[in-house]
Amino acid sequence: MWQSIEEAAPRLAIETIAATCIMPPRSNVFIATFAQKLDGGLVVLPHALTIFNAPMIVALAQRYRMPDVHALAEAVAVGGLVSYGINWNDQFRRAAEYVDRILKGAKPADLPVEQPTKFELAVNLKTAKAMGLTIPESFLLRADALIE
């Protein structure tokens, strides 16, 4: 995922800074330092520790009024600004279909590897308002979930 971000950044005239900051106090120091840059924001990639520490990461983003984008909607539910990621219910349903095919005799090696096809966009309107952000209506219309 980080490679994709780095490839897109120059085309968008965005500076990227990578940091492994999923555990306090390192995350506190990194986010506080990064918050001093103008127009900064956080892109929180999916990892077991970012999921576990989502409330702490979100609290720091709010403290420093930094927009934060997450891969999992659970982060938006605890106050994160935006999430965009795969639809886990669809992934589990598709996994069950694979198990069903294997139980019916299909060889796992013969089953194709599939990429996710359904993605979810969630926006926390309360967080946006607290940060003084106006989110375009066209963006909100695309959202699968709006948290007020």
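Residues numbered from 1 in each chain as written. Predicted model: local features only at pLDDT ≥ 70, side-chain atom pairs only at ≥ 80, totals over all residues. Heavy atoms only, no water.

(A) Structural context of the environment of Ile-5. Its place among the elements puts Ile-5 in helix α1 (residues 2-8). Distance in space between the C-alpha atoms of Ile-5 and His-47 is 16 Å, their sequence separation being 42 residues. What Ile-5 contacts, discounting residues up to four positions off in sequence, is Thr-16, Val-43 and Leu-45. (Helix = DSSP H or I, 4+ residues; strand = E, 2+ residues; numbered from the N terminus. Contact = heavy atoms within 4.5 Å.)

(B) Spatial organisation of the layout of surface pockets. The space that makes up the largest pocket amounts to roughly 980 Å³. Among the secondary structure elements, those contributing two or more residues to the lining of the largest pocket are α1, α2 (26-34) and β1 (42-44). Looking at the lining of the largest pocket, its residues break down into 23 nonpolar, six polar and three charged. Its boundaries defined by the atoms lining it, the second largest pocket holds a volume of some 290 Å³. Along its surface, the second largest pocket is lined by 15 residues, and Met-1, Pro-46, Ala-71, Tyr-84 and Gly-85 are the ones closest to its centre. At the level of secondary structure, the elements contributing two or more residues to the lining of the second largest pocket comprise β1, β2 (68-70) and β3 (82-86). Take the lining of the second largest pocket: its biggest share by element is three residues, from β3. Within the lining of the second largest pocket, the residues separate by chemical class into 13 nonpolar, two polar and no charged. (1 Å grid on protein atoms, 1.4 Å probe; cavity = no way out; pocket = protein on both sides within 12 Å on 5 of 7 lines; lining within 4 Å. Points joined across faces, edges and corners; volume = space filled by probe spheres on them. Nonpolar A, V, L, I, M, F, W, Y, C, P; charged D, E, K, R; others polar.)

(C) Broad picture of the pairing of strand β4 (residues 119-124). Summarising the sheet, β3 and β4 pair through five bridges and their orientation is antiparallel. Paired with Val-82 across the bridge in β4 is Val-123. (Pairing = 2+ DSSP bridges.)

(D) The arrangement of the pattern of salt bridges in detail. Evaluation of the coordinates by the stated rule reveals five salt bridges. Residues Asp-100 and Lys-104 are paired through a salt bridge, measuring 3.1 Å at the closest nitrogen-oxygen approach. Taken together, the shared-partner salt bridges in this structure form one network comprising Asp-90, Arg-93, Arg-94, Glu-97 and Glu-114. (Salt bridge = Lys/Arg side-chain N within 4 Å of Asp/Glu carboxyl O.)

(E) Main features of the environment of Arg-101. Its location among the elements puts Arg-101 in helix α6 (residues 88-103). Along the chain, Arg-101 and Leu-111 lie ten residues apart, while their C-alpha atoms are 8.8 Å from each other. Those residues in contact with Arg-101 that sit more than four places away from it in its chain are Ala-106, Leu-111 and Pro-112.

(F) Molecular detail of α6. Its 16 residues place the ends of α6 22 Å apart at the C-alpha level, agreeing with the 22 Å of an ideal helix rising 1.5 Å per residue. Among the residues of α6, those classed as buried are Asp-90, Arg-94 and Tyr-98. Down the axis of α6, the smallest arc covering the buried residues is 85°, so these residues share one side. With respect to the buried face of α6, the exposed residues turned more than 90 degrees away are Asn-89, Phe-92 and Leu-103. Where α6 begins, the capping side chain belongs to Asn-87, and its oxygen is found 3.0 Å from the backbone nitrogen of Asn-89. One or two positions beyond α6, positive phi appears at Gly-105, with a value near 110°. (Expected span 1.5 Å × (residues − 1). Buried < 20%, exposed > 50% of the residue type's maximum accessible area, 1.4 Å probe, protein only. Arc of directions from axis to C-beta. Polar contact = N/O pair within 3.5 Å; in protein donor to acceptor, adjacent residues only side chain to side chain.)

(G) Seen up close, the side chain of Asn-87. Relative to the assigned elements, Asn-87 resides in the loop between β3 and α6. We classify Asn-87 as buried; its relative accessible area is 16%. Once residues lying within four places of it in the same chain are set aside, the contact partners of Asn-87 are Lys-118, Phe-119 and Glu-120.

(H) Looking closely at the packing of aromatic side chains. Per the counting criterion, the structure on display carries three aromatic pairs. Residues Trp-88 and Phe-92 carry aromatic rings whose centres are separated by 6.0 Å and whose planes lie at 35° to one another, so their mutual orientation is tilted. Linking Trp-88 with Phe-92, this pair stays in helix α6, spanning four residues, or about one helical turn. We classify Trp-88 as partly exposed; its relative accessible area is 41%. Accessibility expressed as a relative area gives 56% for Phe-92, which makes it exposed. One Lys or Arg, Arg-101, reaches over the ring of Tyr-98 and ends 5.6 Å from the middle of that ring. (Phe/Tyr/Trp six-rings, centres within 6.5 Å; stacked < 30°, edge-to-face > 60°. Lys NZ or Arg CZ within 6 Å of the ring centre and 35° of its normal.)

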